[in-house]
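# What the coordinates show
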Amino acid sequence: MCRIAGNLQKHFEADEDRKRDMTEQRKAARDLWGGHFATGPAPLMEQINASIGFDKRLWPHDIVGSKAHATMLAGQGIISEADRDAILEGLDEIAREIEAGSFTFDPALEDIHLNIESRLTEKIGEPGRRLHTARSRNDQVATDFKLFVRASIDRAIDLLEHLTDTILDIADQHAATVMPGFTHLQAAQPVTFGHHLMAYAEMVVRDRSRFADARLRLNECPLGAAALAGTSFPIDRHATASALGFDRPAANSIDAVSDRDFALDYLASAAITAVHLSRLAEELVLWSTPQFGFVTMAEDFTSGSSIMPQKRNPDAAELVRGKSGRVLGHSQALLVTMKGLPLAYSKDMQEDKEGVFDAVDTLELCLRATTAMLASMRVDPARMRAAAGVGFTTATDLADWLVRVKGAPFRDAHGIAARAVKAAEERACDLHELDEAVLQAIDPRLDGAVRRLLRVEASVASRTSHGGTSPERVREAITAMRERLAALEPGR
Ligand code: ARG
């Protein structure tokens, strides 16, 4: 132990060269911690420590957060109005510099908060050095990140609404289009394409409500929690909370700086949405094969093959399916990062951002691509109709008819229907094409009248139970969902 400590000591002592190389910027960074650091960070420390490479993306939120803070400080008499005005003006100029691409992000200044604060001081001098009164980067980063996640939630909700509208329109056009319904990916019973699509509409509406729910929980402002304990300055946390569009200040200063539930909520909602998009994408991949031929993806969402001229690959759908893995991974990664952390802030939490950024970008891209793919695909009702009858998908209708009309117990009816399937198989015909004599031989209760019900159209028309696949129920479901969505508060 002692030997190791001694070696380390020697290592630091031998590091004089590095100290001499310390750039002006590093000195500036060191100055931010005040007097008790004799040297700047080792280059490797800078590399592992700096988050500016990715958190620069938070800049608009950092600026509005600082403006709200400075305004409140002046309102409470903690800084002068002249200082406030200089700060606000300086921050606006910095925003313009960043937008114009003329701002230099410096890794020696670690993160977006120090980069902006240091530039502010460079521009306006002493008032810039007063901005950090009564706050810490711990409440600052929590606030910035919450603002980023909140804006991302709002965009996810908009994109989900757009996707829902698109699904509703296609479902409406195909409320009576018959296709095979599957279980175990085996043809099970005929359904309508509109009904199948409405299953996805239900999922997407749940996704939307999950994001809306996450937004409600997120909307408490961490600013003013300072490092962890609150502050001795007479700040007004309600003022900053309301200036930044939060419902209220976060109630507990320790929770405010150590909580990343809002990011986990976003990621969990995004992960479930990504799973839904992936399942839909998987169906598009299947349906667009020549074997199914239910849909044709628009050319601009497919690619050809360099050696097989006949191919049209559903790349966009495959990528929506593939990219879901990233979103699921980011959700898991942040849970694992957080799980061992004592209260309050630990630097581990800097790892919260890249995964969320990538999840946001990936989810938004996948939502846009899915909506566009659906809106531009061509549906082939004739292929769906033809496939709907393959595999004796109306056998259940025959059994149900025996129960309903002839009073047969369902288990008996099931056996009789199975024999009818076997007879049709032997004759290579559909159930509704079986001769009356054949039906009678199977069971005397089977008269010719049943054949009318064994067509796939009759089958779907008979599924009129609440939530069932009959065209009239599907049209009602579409209307009900449209009304439900219209009644929601715009955006939220
Ligand atoms: N870059 C840091 C992060 O993203 C900001 C907060 C740093 N706080 C601190 N006490 N070192 O988490």
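The structure under discussion appears in the preceding block.
Presented here is an overview of the structure given in this document. Since the model is a prediction, treat every value here as computed from it, not as a measurement. Position labels on residues start from 1 in each chain and follow its written sequence. In view of the model being predicted, local features appear only for residues whose pLDDT reaches at least 70, and side-chain atom pairs are presented and counted only at 80 or more, with totals across whole chains, interfaces and linings using the full set of residues. With hydrogens and water excluded, all non-hydrogen atoms of the structure serve as input to the side-chain values.

Here a helix means four or more residues in a row that DSSP labels H or I, a strand means two or more in a row labelled E, and each is numbered from the N terminus. Counting its regular elements, the protein contains 22 helices and six strands. On C-alpha atoms alone, the protein measures out to a radius of gyration of 32 Å, which is more than a quarter above the 23 Å that the 2.2 N^0.38 rule sets for 492 residues. Based on the C-alpha atoms only, the size of the protein along its principal axes is roughly 100 × 50 × 45 Å. Three labels apply to residues, based on accessible area from a 1.4 Å probe with only protein chains included: buried if under 20% of the type maximum, exposed if over 50%, partly exposed otherwise in between. Expressed as a percentage of its 492 residues, the buried residues of the protein come to 49%. Two residues form a contact once any of their heavy atoms are found within 4.5 Å. Summarising the internal contacts of the protein: among those between residues at least 6 apart in sequence, 73% fall at separations of at least 24. Surface accessibility of the protein: about 23,900 Å² in total, with carbon and sulfur atoms responsible for 53%. We compute the radius of gyration from the C-alpha atoms alone; for a globule the expected value is 2.2 Å times N to the 0.38, where N is the number of residues. Note on areas: Shrake-Rupley, 1.4 Å probe, and residue coverage restricted to the protein chains presented here.

Let us now look at a nonpolar patch on the surface. A cluster of nonpolar residues, Leu228, Ile254 and Leu343, forms a patch on the protein surface that exposes about 280 Å² of accessible area. On the secondary structure map, Ile254 appears in helix α13 (residues 253-258). Ile254 gets classed as partly exposed once you look at its relative accessible area, which sits at 34%. Distance thresholds for patches are 9 Å for like charges and 5 Å for nonpolar side chains (Val, Leu, Ile, Met, Phe, Trp, Tyr), applied to residues having over 30% relative accessible area and no salt bridge. Here, a salt bridge means any Lys or Arg side-chain nitrogen found within 4 Å of an Asp or Glu carboxyl oxygen.

So, about unusual backbone geometry. For the peptide bond that leads from Leu343 to Ala344, omega is 5 degrees, which places it in the cis range. Along the polypeptide, Ala344 turns up in the loop between α15 (315-339) and α16 (352-376). Residues other than glycine seldom take positive phi values, yet His184 does so here, at roughly 55 degrees. The residue His184 is located in the loop between β1 (178-183) and β2 (186-192) in this model. Residue class for His184 comes out exposed when judged on its relative accessible area of 76%. Unusually for a residue other than glycine, Phe392 sits at a positive phi of about 55 degrees. With respect to the secondary-structure elements, Phe392 resides in the loop between α17 (381-389) and α18 (395-406).

Bringing the site of the ligand into the picture now. Nearness of a residue to a molecule or strand requires only that one of the residue's heavy atoms be within 4 Å of it. For the ligand, the full set of nearby residues is Ser51, Asp111, His113, Arg137, Asn138, Val141, Tyr345, Gln350 and Lys353. A distance of 2.9 Å separates a nitrogen atom of the ligand from a polar side-chain atom of Asp111. Here a nitrogen atom of the ligand sits 2.9 Å away from a polar atom, N or O, in the side chain of Asn138. Surface burial for the ligand is 86%, taken as the share of its 340 Å² of free accessible area covered by protein chains. Its residues assigned to classes, the shell around the ligand shows two nonpolar, four polar and three charged. Whenever a nitrogen or oxygen atom comes within 3.5 Å of another N or O atom, the pair is scored as a polar contact, on the condition that within protein one atom can donate a hydrogen and the other can accept it, and that pairs from neighbouring residues in sequence are kept only if both atoms are in side chains. Polar here means any residue outside two lists: the nonpolar Ala, Val, Leu, Ile, Met, Phe, Trp, Tyr, Cys and Pro, and the charged Asp, Glu, Lys and Arg; Gly therefore counts as polar.

A few words now on the side chain of Ser66. Checked against the element boundaries, Ser66 lands in helix α6 (residues 59-75). Here Ser66 is in contact with Leu91, Leu131, Arg135 and Gln140, once residues within four sequence places are set aside.

Along the chain, Glu117 turns up in helix α8 (residues 112-124). Given the relative accessible area of 10%, Glu117 is considered buried. Placed 26 residues apart in sequence, Glu117 and Leu91 show a C-alpha to C-alpha distance of 8.9 Å.

As a further point, take the nonpolar core. Each nonpolar core is a collection of buried residues, namely Ala, Val, Leu, Ile, Met, Phe, Trp, Tyr and Cys, held together in the definition by side-chain atoms within 4.5 Å. Within the largest apolar cluster, 101 residues are counted, with the highest numbers of intra-cluster contacts made by Phe145, Val149, Phe193, Phe211 and Tyr266. With 14 residues, helix α10 (residues 137-173) is the largest single contributor of residues to this core. Aside from chain neighbours lying at most four places away, what touches Phe211 is Ile153, Ala156, Ile157, Leu160, Tyr266, Ser269, Ala270, Thr273 and Leu363. Ranked by size, the runner-up nonpolar core spans 23 residues in total, among them Trp401, Ala413, Ala417 and Ala420.

All right, on to the pairing of β2 then. For two strands to be treated as a pair, DSSP must find at least two bridges joining them. In this sheet, β2 lies alongside β1 in antiparallel orientation, the contact comprising six bridges. Across the sheet, Val178 pairs through a bridge with Thr192, a residue of β2.

Time to look at the packing of aromatic side chains. Here a Phe, Tyr or Trp ring, Trp counted by its six-membered ring, pairs with any other such ring whose centre lies within 6.5 Å, and the pair is stacked when the planes are under 30 degrees apart, edge-to-face when over 60, and tilted otherwise. In the structure shown here, the tally under the stated rule is nine aromatic pairs. Geometrically, the ring pair formed by Phe292 and Phe294 is edge-to-face, given 5.1 Å between the ring centres and 80 degrees between the ring planes. Joined through ring pairs, the aromatic side chains of Phe145, Phe148, Phe262 and Phe357 make up one cluster. Sitting over a ring, as applied to charges here, requires NZ of Lys or CZ of Arg to be within 6 Å of the ring centre and within 35 degrees of the ring normal. Its end group placed over the ring of Phe246, Arg150 keeps NZ or CZ at 4.9 Å from the ring centre. If you follow Lys353 out to its NZ or CZ, it ends over the ring of Phe145, 5.6 Å from the centre.

Going through the model one piece at a time under the given rule, you end up with 35 salt bridges. A salt bridge links Lys406 to Asp447; the shortest N-O distance between them is 3.1 Å. In this pair, Lys406 sits in helix α18 while Asp447 sits in the loop between α20 (436-442) and α21 (456-462), placing the two residues 41 residues apart along the sequence. Taking relative accessible area as the criterion, Lys406 reaches 33% and is therefore assigned partly exposed.

Throughout, an axis means a line fitted to C-alpha atoms (over the contacting stretch in the case of helices), and angles, computed between N-to-C directions, take values from 0 to 180 degrees. As a packed pair, helix α14 (residues 261-287) and α15 sit with axes 8 Å apart at the nearest point and diverge in direction by 160 degrees. The angle between the axes of α14 and α15 places the two elements in the roughly antiparallel class. Crossing angle aside, the handedness with which α14 passes α15 is left-handed. Looking at the contact of α14 with α15, its residues break down into 18 nonpolar, four polar and three charged. Here the word oblique covers every angle except those under 35 degrees (roughly parallel), over 145 (roughly antiparallel) and from 65 to 115 (roughly perpendicular). Here a crossing is taken to be left-handed if its near helix is turned anticlockwise relative to the far helix by less than a right angle, and right-handed if that turn runs clockwise.

Turning our attention to the environment of Val257. Relative to the assigned elements, Val257 resides in helix α13. With relative accessibility at 0%, the residue Val257 sits in the buried group. The contacts of Val257, once residues within four sequence positions are left out, are Asn138, Asp139, Ala225, Ala226, Ala227, Leu228, Ala344, Tyr345 and Met349.

Bringing helix α22 (residues 471-487) into the picture now. For a helix, the expected span equals 1.5 Å multiplied by the number of residues minus one. Helix length check: α22 (17 residues) gives 24 Å between terminal C-alpha atoms against 24 Å at 1.5 Å per residue, within 8%. Three or more residues of α22 are buried, namely Pro471, Val474, Ile478, Met481 and Leu485. Along the axis of α22, the buried positions cluster into a sector of 85 degrees, meaning they face one direction only. In this structure, α22 carries Glu483, Ala486 and Ala487 as exposed residues pointing more than 90 degrees from its buried face. In this structure, the buried side of α22 is in contact with α10, β2, α11 (193-218) and α21. The arc in question is traced by the directions running from the helix axis to the C-beta atoms.

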